[in-house]
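In case you want the letters, here they are:
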Amino acid sequence: MSAKTDKLAKGIQDVKQFVVAHASSMAFNGISKALQQLETSLSTGMLMVQIVSHERSQAERLQSLLAKTILIEKYQVRADILPDLPALDAPLPPPTLILRSSGLTGQPLCYAVSPAQKQVIGRNPNAAQILLPDSLSLVSGCHAEFWYSEDGKWQIRDRSSKNGTYLNGSEQALEGWQQLKVDDRLCLGSSKNAIGSVTLNVDVSDQAATAIAEARKLLNCNVVCLIVDLSQPFAEGDQRFVAQAVQTSLTKVFVIDATPAVTSPVVARKNLTNLEHWLNSQPYRAQIELVPLLLQPIAPIPGATVWMPHAQPKFEQFYQILETLANDKAEEMLLQRVTTQLLMQIAAIEAVLSNQATELTQQLQQEEEKLLELKPAVLREQLRKTLAKLKEDKDQFFKQAKDDISQSKTALLNGLIKGSLTHKIQQFSKDLQPQVVSDRSGYRQIQLQIDDSEDVHTVATRLCRSELQRWFHSEWHKVCKHHNGDGLQGLYQRSYATLGFIPNFDLASIWLKDASTVDDQPVLSTPVVELACESRFKQPSLFGYLFKNIKGQVISSLATLMLVVQIVPDEVLGSKINPNQNSNSGQATNPAQVVKEIKKSLLIALLPTVAILSYVSYKHDREVKLEEETEKLQKETVSYYQSLTKNLTEQLEMDLREALEGEEKRFRETLEIVNEQGIAHLSELEKNQTQAKAQIESRRKAQQVALEKDQAELQRLRRDVSTSNKVAQVKG
C-alpha cells in the first residue's frame, strides 16, 4: 500500500472507533457495516463498475461480457435496475404511515395512512377512514386519529375512546397528540393485549427517500454505466441519475446507447442529438462518456462468446477506456471512491448525532414542560378543596343512609303494609288452630297449633329471624352497592379517582379497599322466652250446666204451658173426647178428669224438648267460649312476636348504624391521612422539582458540550480525510 492508502485506512479506523464509542444507538449499525465494506474494498484494491438499466437483462448482458475479459481481475462488476428518482428541485412527498396488525386471527392486516388529511381509525364504517374488524369489541367506533403535522411528523391522539390508546406497552393512556416513530407499537383498547383489542406496529413507507437511498448505494463505485434506449427520448429519471452520479465525484460515467437496430434512424438520431445537447450542458461533462454500443444482438446466438462484426469495434473502444483507467488511475480511483464514501458516512454520522440531539432536546423540553405543569402550591390548594368536598359528600351519604335504614325499619314493622314482617306475623297467627288439651273438673285447657309437627314458637321465631336476617343483610348490601346510585363502594372509588390528580402519590396503599362486613348472629341467636300459646278457662260440665240452667228452663216452660192451658177452654178439650169412649165398659167418663189428664200429658211431653234445648244451648256456649279464648290467644301471640320483632329490629338497626359509623370513621381517618401525606408529598415534590430543573439544565449543558465535542471530532476526521487525499467535500 502507498502512504495515501495507509493514511486513508487509518482514517477509516478512526471513524470506526468513533462509531464504536457511540454504538449504543441502533442507528449506527448501518454505518458500521458500510465502514467495514470500505475497509475491505481498500484492502483488496478492486475497482467497482456499476451497470444500471431499466431492463435487468441488458445490465446482466453487459455484466456477462465484461466478466469474460481480463478486466475481471481489476474490476468488480455489478448489475442492477435503475430506481425511479424524484425530480431534484421538487419537494419530497410526505411518507405514508404503515400500520400492521399483530393481534388479529389469520393473516395480519396492513393499513396505509395517507398524509393528505387527518384520518380516524375505528369500527364505525360511517366515520372511520381506517376501518377495523367489528370483532374487536374493545375498540371504539372512532377510536383514534392520525395526522401528518406541518413539521413533517406523524402524530396520533385518542378520540375519547372507552378503553384508551396505549403506546409501546405503557399502561398510561394517551392524552393529546403524541409523535410516532418507526417501530412504535400502538395498542387500541387495552395495554395488556386483551381479547377484543388490537396491536398495530408503526412503519413508514417513503418511496422517494427509498429510491434516493438505493441510488446512493448504486453510486458507491468508480465507474457507472447507464444503459439507455434512444428509441425513446432520454428520460427525466435517467437525467436525474446522471446528475446525481457526477456530483459524487465518480471517475467516469458512461451513458451507453444500446438502441435496438430496428429503431427508426430518424428517431434515434433526433434522440441522440438531444442527449448530446443535454450532456454538453452539464458542469461535469468531462466525466461523462457517451458510448454507442449494440447490446442486442451483440452475439450470433444467446450465450455465445463470438462478437458480431458490427458490434466488436464499439465494445473494444469501451473496453479500452476501462483498461486505461485501471492501468493508469487504479489507486487514484480507489482512493477517490473510498474517500467519497467515507465522507458520506461521516455526514451520515453527523445526521444521526443531530437527530439524537434533537430528540434529546425535545425530551428535555417535554420533561421541563411537565415540571412546569406541576405547581405544588396550586396542587396544595386543590387538595384542600377536594378533601372539603369529599367530606361534604361523606356526611351527606352517611346521613341519608341512616335515614333510609330508619324508614326501611318502619316499613318492616308496619302491619298495614302487605308483605311486612308484622303483616306476616298476623297472617301466621290467624292460621293457628286451637287444640283441646284437657277438659275435666270444670276446666278446659286449649293450645294453638299448626298443621305440621313443629311447635308454634319454633316456627314463629324461625319466621321472625329469617325475615330479620334477610332485611338486615339486604339493607347493608344496599348501603354498600346501591345507596345513592353505587353505594359505599362507589363513594370510595369516586373519591379515589377524584384524588388522582396528585402526581406520583401512592394513594392506593392507604386508600379503602372494601366495606366491612356485618354479623346478625349476636342478635338473632340470642335465646328468647318461649310463648306457651295455651289457655285454661272454667267450663262447667253438661250436668252442671243443666242444673244451673234447668230451673229457669222448667219455670219458663211450665209458665208457657200453663198459659196455653188457661187460654184453651175446657169445653174445647172436652169436645175432643169421644162420647162413646168406655161405653162398652159401662163406666161413665168424667170430662174434668179427662182435661186434667190431657194437661198432665202435655207437661210430660214438654220436658224432653226443654232438655234438648238446654243441651243445644250448652254446646253453643262452649263453642263461643272456645272462639273467644282462641281469639284471645291469637292476639297474645301477635302481640308477643310483634314485640319480639320490634326488639330484635331495633337491635339490628343499632348494629347497622354502628357499622355505618365505623365506615364513616374509617373514611374520615383516611381523608385525614391523605391530607397529611398529600401535603408532605407535595412538599417533597416541590423540592424534587427544583432539583429536577437543575438536572435538566445540567443535562442540556452536558448535551451541548458532548455535541460540540463530537462535531469537532467529526470535523477533524473530515478534514484529515479530505486534505490527505485532496478531494472536495461531498455535497450534503
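Residues numbered from 1 in each chain as written. Predicted model: local features only at pLDDT ≥ 70, side-chain atom pairs only at ≥ 80, totals over all residues. Heavy atoms only, no water.

Caption draft 1: Region of interest: the overall build of the protein. Check the secondary structure of the protein and you find 15 helices and 18 strands. For the protein, with 732 residues in total, the buried portion stands at 39%. Put simply, of all contacts in the protein between residues at least 6 apart along the chain, 71% involve residues at least 24 apart. As presented, the protein carries roughly 41300 Å² of accessible surface, and 52% of it is formed by carbon and sulfur atoms. (Helix = DSSP H or I, 4+ residues; strand = E, 2+ residues; numbered from the N terminus. Buried < 20%, exposed > 50% of the residue type's maximum accessible area, 1.4 Å probe, protein only. Contact = heavy atoms within 4.5 Å. Areas by Shrake-Rupley, 256 points an atom, 1.4 Å probe, with all protein chains shown as cover.)

Caption draft 2: Representation of the nonpolar core within the structure. Counting residues in hydrophobic clusters, the biggest one holds 57 residues, and the most contacted among them are Trp476, Leu499, Trp511, Phe667 and Val674. Those elements that place two or more of their residues in this core are α8 (376–412), α9 (421–430), β17 (443–449), α10 (456–482), α11 (487–498), α12 (521–524) and α15 (591–725). Once residues within four sequence positions are removed from consideration, phenylalanine 667 is found in contact with Leu390, Lys394, Phe398, Leu491, Tyr492, Ser495, Trp511 and Leu512. Listed in part, the 49 residues of the second largest apolar core include Leu35, Phe254, Ala326 and Leu334. (Core = buried A, V, L, I, M, F, W, Y, C linked by side-chain atoms within 4.5 Å.)

Caption draft 3: A look at the pairing of strand β14 (residues 252–257). In terms of burial, β14 is largely enclosed, as 6 of its 6 residues are buried. The side-chain alternation of β14 yields two buried faces, one formed by Lys252, Phe254 and Ile256 and the other by Val253, Val255 and Asp257. In this structure, strand β13 (residues 223–228) lies alongside β14, joined through 6 bridges in parallel fashion. Counted as the bridge partner of valine 223 is lysine 252 from β14. In this sheet, strand β15 (residues 288–292) lies alongside β14 in parallel orientation, the contact comprising 5 bridges. Note that in β15 the partner of isoleucine 256 across the bridge is valine 291. (Pairing = 2+ DSSP bridges.)

Caption draft 4: Inspection of the packing of aromatic side chains at higher detail. If you walk through the whole model with that rule in mind, you get 9 aromatic pairs. With a centroid separation of 5.1 Å and an interplanar angle of 85°, the aromatic rings of phenylalanine 254 and phenylalanine 318 are classed as edge-to-face. Pair noted here: phenylalanine 254 is in strand β14 and phenylalanine 318 is in helix α7 (residues 312–373), with a separation of 64 residues, a long-range link. When its relative accessible area of 0% is taken as the criterion, phenylalanine 254 is described as buried. Classification of phenylalanine 318 as buried rests on a relative accessible area of 0%. A connected cluster of aromatic rings, assembled from ring pairs, spans Tyr492, Tyr496, Trp511 and Phe667. Lying over the aromatic face of tryptophan 147, lysine 118 brings its terminal NZ or CZ to 5.2 Å of the ring centre. (Phe/Tyr/Trp six-rings, centres within 6.5 Å; stacked < 30°, edge-to-face > 60°. Lys NZ or Arg CZ within 6 Å of the ring centre and 35° of its normal.)

Caption draft 5: A look at the sheet that holds strand β1 (residues 47–53). Across the sheet, which stays open at both edges, the 5 strands sit in the order β2-β1-β13-β14-β15 with parallel pairing between neighbours. One side of each edge strand has no neighbouring strand; the edge strands of this open sheet are β2 (75–81) and β15. For this sheet, the mean inter-axis angle between neighbouring strands, taken without regard to orientation, is 20°. With 7 bridges connecting them, β1 and β2 associate as parallel partners. Opposite leucine 47, over in β2, you have tyrosine 75 as the bridge partner. (Axes fitted to C-alpha atoms, helices over the stretch in contact; angles between N-to-C directions.)

Caption draft 6: How the structure looks around the pattern of salt bridges. Following the criterion strictly, the structure yields 29 salt bridges and no others. With its nearest N and O atoms 3.8 Å apart, the salt bridge here joins glutamate 289 to lysine 252. Pair noted here: glutamate 289 is in strand β15 and lysine 252 is in strand β14, with a separation of 37 residues, a long-range link. A salt bridge links glutamate 713 to arginine 716; the nearest nitrogen and oxygen atoms lie 2.6 Å apart. Remark: arginine 716 and glutamate 713 occur in helix α15; sequence separation between them is 3 residues, near one turn of the helix. By sharing partners, the salt bridges in this structure join Glu145, Arg157 and Arg159 into a single network. (Salt bridge = Lys/Arg side-chain N within 4 Å of Asp/Glu carboxyl O.)

Caption draft 7: Expanded view of the environment of glutamine 363. Inspection of the secondary structure assignment puts glutamine 363 in helix α7. Owing to a relative accessible area of 37%, glutamine 363 belongs among the partly exposed residues under this scheme. Expressed as a C-alpha distance, the spacing of glutamine 363 and isoleucine 696, which sit 333 residues apart in the sequence, is 9.9 Å.

Caption draft 8: How the structure looks around the pairing of β17. The pairing of strand β16 (residues 433–440) with β17 spans 7 bridges and is classified as antiparallel. Across the sheet, the residue bridging to arginine 440 is tyrosine 443, located in β17. Linking two consecutive strands that pair antiparallel, namely β16 and β17, is a turn of 2 residues; a positive phi of about 60° is found at serine 441 within it.

Caption draft 9: Quick peek at the sheet that holds strand β10 (residues 178–179). The strand order across the open sheet built from 5 strands is β6-β5-β7-β8-β10, with neighbouring strands paired in mixed fashion. One side of each edge strand has no neighbouring strand; the edge strands of this open sheet are β6 (130–131) and β10.

Caption draft 10: Representation of helix α1 (residues 3–21) within the structure. Taking 1.5 Å as the rise per residue, α1 with 19 residues should run 27 Å; its terminal C-alpha atoms sit 27 Å apart, in good agreement. Within α1 the residues assigned to the buried category are Thr5, Leu8, Gly11, Ile12, Asp14, Val15, Lys16, Phe18 and Val19. (Expected span 1.5 Å × (residues − 1).)

Caption draft 11: Looking closely at a nonpolar patch on the surface. Nonpolar side chains collect at one region of the surface, where Ile612, Tyr615 and Val616 lie side by side and expose about 300 Å² of accessible area between them. Locating tyrosine 615 in the fold gives a position in helix α15. Given a relative accessible area of 40%, tyrosine 615 falls into the partly exposed group. (Patch = residues over 30% accessible without salt bridge, like charges linked within 9 Å, V, L, I, M, F, W, Y side chains within 5 Å.)

Caption draft 12: A look at the packing of α1 against helix α2 (residues 29–44). In contact at an axis separation of 10 Å, α1 and α2 are set at 165° when each is read in the N-to-C sense. The orientation of α1 with respect to α2, classified from their angle, is roughly antiparallel. Once α1 is placed against α2, the crossing between them reads as left-handed. Between α1 and α2, the residues in contact are Thr5, Leu8, Ala9, Ile12, Gln13, Val15, Lys16 and Val19 and Ile31, Ser32, Leu35, Gln36, Leu38, Glu39 and Leu42, respectively. Considered class by class, the residues forming the contact of α1 with α2 number 9 nonpolar, 4 polar and 2 charged. (Parallel < 35°, antiparallel > 145°, perpendicular 65-115°, else oblique. Left-handed = near helix turned anticlockwise from the far one by under 90°. Nonpolar A, V, L, I, M, F, W, Y, C, P; charged D, E, K, R; others polar.)

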